[in-house]
Structure formats: structure tokens, C-alpha cells
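A closer look at the structure
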Amino acid sequence: MSIKPRVSRRRASIFAALYLGVAGSAQALSLVVEDGEIAGVSGLDIQGRLYDVGFRDGAFNAVYPAELSGYGPLARAVAQALLAANPSIQAMPGRRTDLRPSGCRSVDSCTILIPEHSDGAAPNARMTHAVEVIYTKDRFSKVPEPLWPFDASTDTQYMPDMLYAIITPAR
């Protein structure tokens, strides 16, 4: 399954100052908005390094980086950093209250899966465990404690309330 193409790739970034409790230092947070959806959050300081998190909808083996078999402990740290970003996101001037992560089609809430471990690497990953981040009411609302097992053949395009988070070092 391939990721559906975007007709318009207009990008906008909204900037705010943010103190992340995860890393304890001041960092510029950039909420990346494409086509009226939150495409990701960049500039998250996790364990002393800057990361970008992008939200992707589609088949796990098509969107997940092929060289990885999970983000390991970094998955939970990224989830906590997204929660810590809420105050700055909520305080952004001119912030639209109808923004949802890319791929989230549910009106109520969306589950963002951050792969912690997979059996093998894409394009042949099998069973995976992920950290969940729940996005609801214009905010990242919670990170359930247990890891969530799921079949890597899951295609979130057919699940309106689920999508994947892809973590990359900031450039």
C-alpha cells in the first residue's frame, strides 16, 4: 500500500519557545502544518539531542524507516516530549483549534503509534510493540503506560483514528 499523494504541499511553520521537562533546556519548537493538518513537530530536545517527529498514515512497512527495528527507549521519551509540548502549542498566537495530525480522520481522538520494537525491519517487519500517544481536543492528551502490540501489516489508512510517528534527528 502506498501513501496517498498530497495535491498541495503548502507548508507553514508556527514557532514558539518551549521548556521541555524531558531534557530540561529551552528549545525552539516548530509545529509543522501542511494542508491544514499537523504534519509533525520539529526541534524536540530528547535526551540532549534534537529530533523531528512526523506523522504518517499508511502501511507500516511503507512509512517506517527500513533500517530500524524500533526506536527503543527513545519511543517513550518522544511520547513524553509531545505531552510536554502542549502548553506551548496551546499558547501559540493565531493557533487554529481544528488542527489534527496528518492522517487522523476521527473527529474525537487519534492514536499515534511510536514503534518501540519490531521483529525485523521494514519492509519485512512482523509483530511490533509501540508506545501510544493519544491526540484529542487539540492536544496530545496522554501516553498509556503499557506497550501496545500490533501486526506490522496494519495499514492506518483504513483506520481513521490511528497513524504512525516517524522520528528523525533534526537537521
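Predicted model, so just to flag it, every value in this text is computed and none were measured. (Residues numbered from 1 in each chain as written. Predicted model: local features only at pLDDT ≥ 70, side-chain atom pairs only at ≥ 80, totals over all residues. Heavy atoms only, no water.)

Moving on, we come to the overall build of the protein chain. Of regular secondary structure, the protein chain possesses three helices and nine strands. Mapped from its N terminus to its C terminus, the protein chain presents α and β elements in the order β-β-β-β-α-α-α-β-β-β-β-β. Sorting the 171 residues of the protein chain into buried and exposed places 49% on the buried side. Across the protein chain, every contact between residues at least 6 apart in sequence was considered, and the portion connecting residues at least 24 apart equals 63%. (Helix = DSSP H or I, 4+ residues; strand = E, 2+ residues; numbered from the N terminus. Buried < 20%, exposed > 50% of the residue type's maximum accessible area, 1.4 Å probe, protein only. Contact = heavy atoms within 4.5 Å.)

Attention now goes to unusual backbone geometry. With the exception of glycine, the majority of residues adopt a negative phi angle, and the majority of peptide bonds are in the trans configuration. A cis amide bond, omega 10°, links Ala122 with the succeeding residue Pro123. Looking at the element boundaries, Pro123 is found in the loop between β5 (109-118) and β6 (127-136). Backbone geometry places Asp138, a non-glycine residue, at a positive phi of 65°. If you trace the backbone, Asp138 turns up in the loop between β6 and β7 (139-142).

Ranked by size, the top nonpolar core spans 45 residues in total, and within it Ile114 and Phe140 carry the most contacts. Contributions of two or more residues to this core are made by β2 (26-34), β3 (37-46), β4 (49-56), α1 (60-63), α2 (73-84), β5, β6 and β9 (162-169). Counting residues per element, this core draws most heavily on α2, at seven residues. The residues contacting Phe140, other than those within four sequence positions of it, are Val41, Phe55, Leu82, Leu83, Asn86, Ile89, Ile112, Val133, Ile134 and Tyr135. (Core = buried A, V, L, I, M, F, W, Y, C linked by side-chain atoms within 4.5 Å.)

Keep in mind that low pLDDT regions are not for reading the predicted coordinates in detail. With 81% of its residues at a pLDDT of at least 70, the protein chain reaches an overall mean of 79. Of all the helices and strands in the protein chain, strand β1 (residues 11-19) carries the lowest mean pLDDT, 30, while β4 carries the highest, 94. Low pLDDT (under 50) marks residues 1-27, which in the prediction has 70 contacts with non-local residues, meaning those over four places away or in another chain. (pLDDT = per-residue confidence, 0-100.)

Mapping Asp98 onto the fold places it in the loop between α3 (86-91) and β5. For Asp98, a relative accessible area of 47% corresponds to the partly exposed category. Remark: the alpha-carbon pair of Asp98 and Lys137, spanning 39 residues in sequence, is separated by 8.5 Å.

So, about the packing of aromatic side chains. Counted according to the given criterion, the structure contains eight aromatic pairs. Plain terms: the ring middles of Tyr64 and Tyr71 are 5.7 Å apart, the flat faces sit at 75° to each other, and that makes the pair edge-to-face. On the accessibility criterion, Tyr71 (10% relative accessible area) is buried. Residues Trp148 and Phe150 carry aromatic rings whose centres are separated by 5.7 Å and whose planes lie at 15° to one another, so their mutual orientation is stacked. An aromatic cluster is present here, built from Phe60, Tyr64, Tyr71, Trp148, Phe150 and Tyr164 joined pairwise through their rings. (Phe/Tyr/Trp six-rings, centres within 6.5 Å; stacked < 30°, edge-to-face > 60°.)

What follows deals with the environment of Ala85. Counting through the fold element by element, Ala85 comes out in the loop between α2 and α3. Through-space distance from the C-alpha of Ala85 to that of Arg139 is 9.1 Å; in sequence the pair is 54 residues apart.

Across its twelve residues, α2 extends 17 Å between first and last C-alpha, which sits within 8% of the 16 Å expected from 1.5 Å per residue. Those residues of α2 lying buried are Leu74, Ala75, Ala77, Val78, Ala79, Ala81 and Leu82. (Expected span 1.5 Å × (residues − 1).)

Attention now moves to the pairing of β7. Where β6 meets β7, three bridges bridge the pair, whose relative direction is antiparallel. Across the sheet, Ile134 pairs through a bridge with Lys142, a residue of β7. What sits between β6 and β7 in their antiparallel hairpin is a turn of two residues, with Lys137 showing a positive phi close to 50°. (Pairing = 2+ DSSP bridges.)

Moving on, we come to the pattern of salt bridges. Across all of its chains, the model carries two salt bridges by this definition. The residue Arg126 makes a salt bridge to Asp119 at a minimum N-O spacing of 3.1 Å. The class for Arg126 is partly exposed, based on a relative accessible area of 47%. (Salt bridge = Lys/Arg side-chain N within 4 Å of Asp/Glu carboxyl O.)

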